[in-house]
Structures are given as structure tokens and as C-alpha cells.
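Below are the chains, spelled out letter by letter.
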Amino acid sequence: PFSPQKKPLSAIIKEYQTAVGLHERIQSSSMDAKLEALKDLANASRDITFAQEFINLDGISLLTQMVESGTDFGDLLSFTLTAFVELMDHGIVSWDTFSVAFIKKIASYVNKSAMDTAVLQRSLAILESMVLNSQDLYHKVAQEITIGQLIPHLQGTDQDIQTYTIAVINALFLKAPEEKRQVRLHCNVIRSPTPINDEMAHQLYVLQVLTFNLLEDRMMTKMDPQDQAQRDIIFELRRIAFDMEMEPNNSGSIEKRKSMYTRDYKKLGFINHVNPAVDFTQIPPGMLALDNMLYFARHHQDAYIRIVLENSSREDKHECPFGRSSIELTKMLCEILKVGELPSENCHDFHPMFFTHDRSFEEFFCICIQLLNKTWKEMRATSEDFNKVMQVVREQIMRALTLKPNSLDQFKSRLQNLSYTEILKIRQSERMNQEDFQSRPILELREKIQPEIMELIKQQRLNRLCEGTCFRKISSRRRQDKFWYCRLSPNHKVLHYGDLEESPQGEVPHDSLQDKLPVADIKAVITGKDCPHMKEKGALKQNKEVLELAFSVLYESDEYLNFIAPDKHEYCVWTDGLNALLGKEMTSDYTKSDMDTLLSMEMKLRLLDLENIQIPEAPPPIPKEPSNYDFVYDCN
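Residues numbered from 1 in each chain as written. Predicted model: local features only at pLDDT ≥ 70, side-chain atom pairs only at ≥ 80, totals over all residues. Heavy atoms only, no water.

The name given to the protein in an unreviewed UniProt entry is Engulfment and cell motility 1, with the source organism recorded as Sparus aurata. As its UniProt record puts it under Function (unreviewed entry), the protein is described as follows: "Involved in cytoskeletal rearrangements required for phagocytosis of apoptotic cells and cell motility. Acts in association with DOCK1 and CRK. Was initially proposed to be required in complex with DOCK1 to activate Rac Rho small GTPases. May enhance the guanine nucleotide exchange factor (GEF) activity of DOCK1." (UniProt positions renumbered as here; feature names shortened; annotations may be inferred.)

A. Structural context of the nonpolar core. Ranked by internal contacts, the top residues of the largest apolar core, which has 65 residues, are F296, Y304, L329, L333, F364, I397 and F411. When residues of this core are assigned to their parent elements, the largest contribution, ten residues, is made by helix α18 (residues 360-378). What L333 contacts, discounting residues up to four positions off in sequence, is F361, F364, F365, C368 and I397. One finds A107, Y138, I147 and I166 within the second-largest nonpolar core, a separate group that totals 59 residues. (Core = buried A, V, L, I, M, F, W, Y, C linked by side-chain atoms within 4.5 Å. Buried < 20%, exposed > 50% of the residue type's maximum accessible area, 1.4 Å probe, protein only. Helix = DSSP H or I, 4+ residues; strand = E, 2+ residues; numbered from the N terminus. Contact = heavy atoms within 4.5 Å.)

B. Structural view of the sheet that holds strand β9 (residues 559-564). Read across the open sheet, the three strands follow the order β7-β8-β9; overall the sheet is antiparallel. The outermost strands of the open sheet, each flanked by one partner alone, are β7 (522-527) and β9. In this sheet, adjacent strand axes meet at a mean angle of 20° when their direction is disregarded. Two elements, strand β8 (residues 550-555) and β9, share six bridges in a ladder whose sense is antiparallel. Residue pairing across strands places Y555 opposite E559, the latter belonging to β9. Set on the sheet, helix α26 (residues 568-581) makes contact with β7, β8 and β9; between it and β8 the angle comes to about 20°. (Pairing = 2+ DSSP bridges. Axes fitted to C-alpha atoms, helices over the stretch in contact; angles between N-to-C directions.)

C. View of the confidence of the model for the protein. Averaged over every residue, the pLDDT of the protein is 80; residues scoring 70 or more account for 83%. Confidence drops under pLDDT 50 across residues 1-5; counting only partners more than four residues distant or on other chains, this segment forms eleven contacts. Every residue in residues 181-214 scores below 50 in pLDDT, and together they form 115 contacts with partners more than four places removed in sequence or on other chains. (pLDDT = per-residue confidence, 0-100.)

D. Representation of helix α15 (residues 287-299) in the model. Here α15 contains 13 residues, and its C-alpha end-to-end distance of 18 Å stays within 8% of the 18 Å for a straight helix at 1.5 Å per residue. Taken across its 13 residues, α15 has ten buried, putting it largely inside the fold. Buried within α15 are the following residues: M287, L288, A289, L290, N292, M293, L294, Y295, F296 and A297. (Expected span 1.5 Å × (residues − 1).)

E. A look at a nonpolar patch on the surface. On the surface, Y629, F631 and V632 cluster together into a nonpolar patch covering about 360 Å² of accessible area. Along the polypeptide, V632 turns up in the segment after α27 (589-606). (Patch = residues over 30% accessible without salt bridge, like charges linked within 9 Å, V, L, I, M, F, W, Y side chains within 5 Å. Areas by Shrake-Rupley, 256 points an atom, 1.4 Å probe, with all protein chains shown as cover. Salt bridge = Lys/Arg side-chain N within 4 Å of Asp/Glu carboxyl O.)

Encoded structure:
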């Protein structure tokens with residue numbers, strides 16, 4: 001048999017033998033043997049060479065007969081349909097070859113109220129492929145499936161079923177005759193406009209399914225500046241914002257009314273203050289932006305009035321123009337949700353929050369316009385920063401959508417955690433983790449800088465030791481009755497220490513400390529449970545907090561100077577400083593934290609001028625020596 005892939009003859013023979021074996025096994029009278037065979041067939045069918053061999057054995061016809069017989073159910077049926085889908089995906093067999101009986105059987109699995117999830121998913125996938133690949137099959141499928149029968153699958157919680165269901169809806173409407181395309185449903189899952197009739201649209205609206213009615217049409221509709229009905233919407237926005245009734249046409253002079261309207265339209269943030277209808281002649285977003293503004297003004301009136309009045313009271317350069325922002329935001333949301341684009345096989349985006357409200361797009365806009373106003377204030381933006389603010393808002397929305405919130409309230413909550421400050425932190429973190437920062441030149445620069453930073457940390461630790469610290473003398477009974485002070489001499493050669501009657505208010509001078517310990521005599525620094533004063537019997541041994549703050553200095557043969565630091569910070573400072581005096585590595589958590597912070601800051605400063613510049617992996621080649629050096633200036 002012909003094989004479409006170039007495989008060794010032995011591999012082709014093996015696939016043929018496997019196909020023959022599975023063709024026989026799936027007809028077994030034993031249910032267990034048949035189930036195992038169907039599982040193997042579903043896996044093997046992904047290979048096009050096997051698929052060709054199995055199809056040549058009339059395997060597709062065998063599978064359709066098994067489905068039409070109706071004797072299989074559960075896992076048997078699920079793996080049968082899985083194998084069928086995998087075989088058909090190779091495009092070897094035409095979809096036009098299937099009978100009406102087979103179509104009816106597949107449709108019956110979709111129409112049943114309670115059906116195995118795997119069977120339902122495969123059945124929806126088969127129906128979608130039938131409709132998309134054959135105009136004749138579209139008519140047959142359309143007779144068996146109605147939108148009303150598909151809607152219950154959208155109301156469930158299984159996102160895969162919802163995705164496949166909307167895929168079938170889109171497929172049906174894309175193949176529908178033009179005269180039936182009266183209303184458009186825009187599904188975010190497939191991200192394409194799909195037409196449905198009025199009855200279907202009403203069903204979807206009542207059930208609060210994702211219905212972006214006429215989104216694309218409104219987006220591509222220009223506003224007619226002379227249309228009074230459309231201009232009345234703008235008047236309504238003005239009335240709601242400033243809480244006034246529109247004056248009768250005959251009240252006041254024409255010039256006075258024009259001046260008042262111009263003032264209010266400027267406060268509303270329109271670009272054209274004289275005739276704001278002109279702002280909506282750009283497509284996209286066209287009339288869709290005005291629809292969103294009116295919905296926000298009517299359904300979120302307090303927020304609308306607050307935003308308009310808040311910005312109208314600011315200085316001109318700091319006000320966030322509501323009208324212009326709404327138009328640009330609507331355009332942005334259409335781009336994000338791919339409104340008006342054709343279906344894409346490669347799109348797997350699914351946003352369950354759009355299934356929770358009958359006006360989901362409008363509510364989505366209302367949340368985002370309030371986010372835009374908040375971000376504008378956080379950025380302390382001016383009119384020149386408008387595009388920068390829109391870029392930040394787009395990033396906030398995209399990051400919140402990436403988390404796949406289940407409801408609009410969850411989406412709103414996620415946005416609250418994505419303030420402008422947080423976005424800056426995320427950007428900086430991502431920039432530091434980019435490939436450029438893991439490239440060889442950057443890593444070499446980090447290695448070069450690290451010794452300098454470590455020396456800086458070492459000097460800071462030694463300076464702190466020179467300032468000294470007051471330590472408590474803690475007895476085994478936890479009675480804190482005395483203090484003692486220890487500090488390093490300015491030349492870093494001697495530790496001065498001595499008892500105190502009370503805690504000092506500042507530094508204790510060297511002269512008042514009676515005892516000395518030359519640094520040259522120090523043998524080692526011991527920490528934790530290995531310290532002599534932690535091995536003694538008593539409460540100290542059992543106190544974990546004290547144990548973590550204990551360290552000792554070993555000098556001469558068996559003499560110790562025992563410390564219990566007042567806190568973790570002082571513990572790290574002293575252990576680091578003493579190790580530095582001994583020429584050993586500073587290993588405390590405090591040192592690691594300081595190293596990360598200082599190294600990160602130094603890297604950012606040194607790379608500040610290289611933003612958006614590609615850093616080469618290897619240094620540029622050294623040029624050849626010139627043929628002569630006559631160009632060198634002669635100082636004589």
C-alpha cells in the first residue's frame with residue numbers, strides 16, 4: 001500500500017501488520033479485549049503511515065458501522081470516536097462520504113442532556129469538522145442540531161465542552177446562507193463574528209451566554225454628525241454628568257447655548273468640543289465607543305459622574321479626557337478580544353468571565369475605563385503621556401486576562417493587584433530575567449563586579465564592628481542583670497570588650513573597656529549549638545531563639561569569648577565581620593541579600609544606556625594592524 005511518508009520498508013510493513021491486527025481485535029466479542037484494542041487504535045491513529053494502512057483496510061467504514069449500531073457506550077464509544085477523529089484529521093478520507101444515519105447518531109450524543117464528557121467532546125469535534133468541510137453536510141447537521149440544544153453545554157463548568165460547543169456554533173453560522181445572517185454573536189473563545197437569527201439571539205441573551213450583539217457592526221459604523229438620534233446620546237451623556245435638563249431650543253441666545261455646550265463637551269473629554277459627534281466617525285471603534293459610554297453613564301452613574309467631575313476640576317494638562325479615553329479604550333478592547341477577525345484554528349483562549357453577564361462586553365469596558373482613570377492618576381500623567389498610559393492599561397488588562405478569571409468581579413480584583421507600581425516591578429523583574437541578562441557578556445560583567453561588591457560589604461561589616469555593640473549577659477535562669485560591650489579597634493587589630501552597669505546611649509570609648517583580644521590570636525568563629533555556652537545544661541540549651549543568635553570566638557588553645565546577639569541582624573554583622581577578619585568567606589543570609597541588592601543596582605546602572613540595544617554574544621574581532629603608523633601625531 002502507498003504510504004505518504006518516507007519511512008523504511010520495514011517500518012511500513014510493521015505499521016501494516018499493526019493495522020491488520022487492530023482491525024481484527026476491535027471486532028472481538030470480548031468487551032475487555034475490544035476496549036484494549038480501541039485504546040491502542042486511538043493512540044496509533046495519530047501516525048499518518050498507520051492511518052493510511054488502516055484506512056486501506058476499510059477501517060473508517062468499520063468504525064462508522066460500530067457507531068451506527070449503537071451497541072457501544074462509555075469508554076468503548078469514547079475510544080471509537082477518538083480513533084475516528086484522529087484518522088479523519090489526516091485528510092485522507094473525504095467528509096462527504098458519511099451517511100445520514102451516522103450524522104444522526106453523532107447528533108444524538110450532543111442532543112442528550114446527560115452524556116459522557118469524552119463522548120460529547122468527540123461528537124462536537126466531529127460535527128464541527130463536518131460543517132466546515134462540506135456544504136452538503138452543513139445542511140444535514142443543521143437539521144439535527146439547534147442552538148437551543150447546544151446552549152445547555154455552554155452553561156456547564158467544563159471549559160473544553162464550552163469551547164467545542166462554541167466552535168460548532170461558529171461553524172454552523174459561518175456556513176449559513178447570507179439571508180439568515182441577521183444578528184452577530186461574537187465569541188471570545190473562537191474570537192470571530194458569527195451570525196444567528198433573532199430567536200437564537202434572544203435565547204442566548206436570556207441565558208446570559210457570551211453575546212456581543214452587533215459588536216462588529218457597531219464598531220464599523222460611523223456616526224453621522226447630522227443624525228439627531230445619535231446626537232441625543234451625547235446630550236444624554238452631558239445631562240447625566242452635570243445633572244441638568246437640556247434647555248429648550250428657544251431658551252437663551254444661540255451663541256450662549258453653543259458656548260455652554262462647548263464648555264461641557266470639553267469637560268467630558270471630547271477632542272472636538274464644538275461637535276463631539278465628529279469624534280465617533282473613526283472606525284474602528286465607531287458607534288461602539290458611544291454605546292459603551294452611554295452604558296457606563298446609565299448603569300454605573302456614580303462612577304461616571306465622579307470620573308467626569310474629578311477630571312474637569314484638574315488642571316488642563318493633568319485631566320484624563322473621558323471621551324477620548326473611552327474611544328481609544330474601546331478600540332483597544334476590540335483588538336484584545338479580536339472582534340471582527342475570522343476564526344483561528346490556533347486560538348485556544350478561553351475566558352469564562354464572559355459567560356457570567358448578559359452585557360459582558362459593556363461591563364468589561366466599565367471596569368477598564370475606571371482602571372484607566374486610576375492608572376492615569378498613579379502615573380501623574382499629562383496630555384502628552386496619553387499613549388504611555390494606554391500602553392500600561394493594555395498590559396494591565398492582558399496580564400489580568402492571562403490569569404483566566406472566572407467572573408468579572410474576579411477580573412476587577414486581579415486588576416487591583418496590578419497597579420502602575422506593580423507593573424513597573426514586573427517589567428524590571430522580567431527585564432532582568434530576559435535572555436540578554438543571561439548572555440555571556442552580562443554574566444562576565446556580573447562576575448567582574450561581584451568582588452567589588454563583596455569588598456564593599458566587607459568594609460561595611462568591619463565599620464559596624466568598629467562602632468561596637470552592647471550584648472546582654474544572660475544567665476542559665478534567663479535573668480538579665482548585666483551588659484557588656486565589644487568593639488573593634490580602628491586599625492582592625494584588637495577587640496576591646498568589658499562589662500557595663502547599664503545599656504549605653506551611644507558608642508563606648510575604647511579606654512573604658514578593660515579587656516582586649518588581639519585579632520591575631522583568634523583561631524575560629526563558632527556558631528549555634530557548637531558554642532560552649534550553648535552546651536551547658538539549662539534553659540539556654542532548650543531555647544531555639546537564643547541558639548540561633550549564639551556565637552563564640554576561640555582564641556589561644558581552649559579559651560572562648562561567648563556572644564548572644566540582640567537580634568538576627570547583629571548576629572549576621574558580627575559573624576560576617578569576624579570571618580572577614582580571619583580571611584574567611586562571609587556566608588550569612590544578610591550578606592547574600594546585600595549582594596543581590598547591590599549587584600542588581602550596579603548592573604542596572606551600568607546597563608542603563610544599553611536599553612533596546614542588542615548585546616552581542618561574542619566580543620567584536622580585533623582589527624588588523626594598519627600598514628603604517630604615519631597618522632600618529634609627532635609631539636616633537
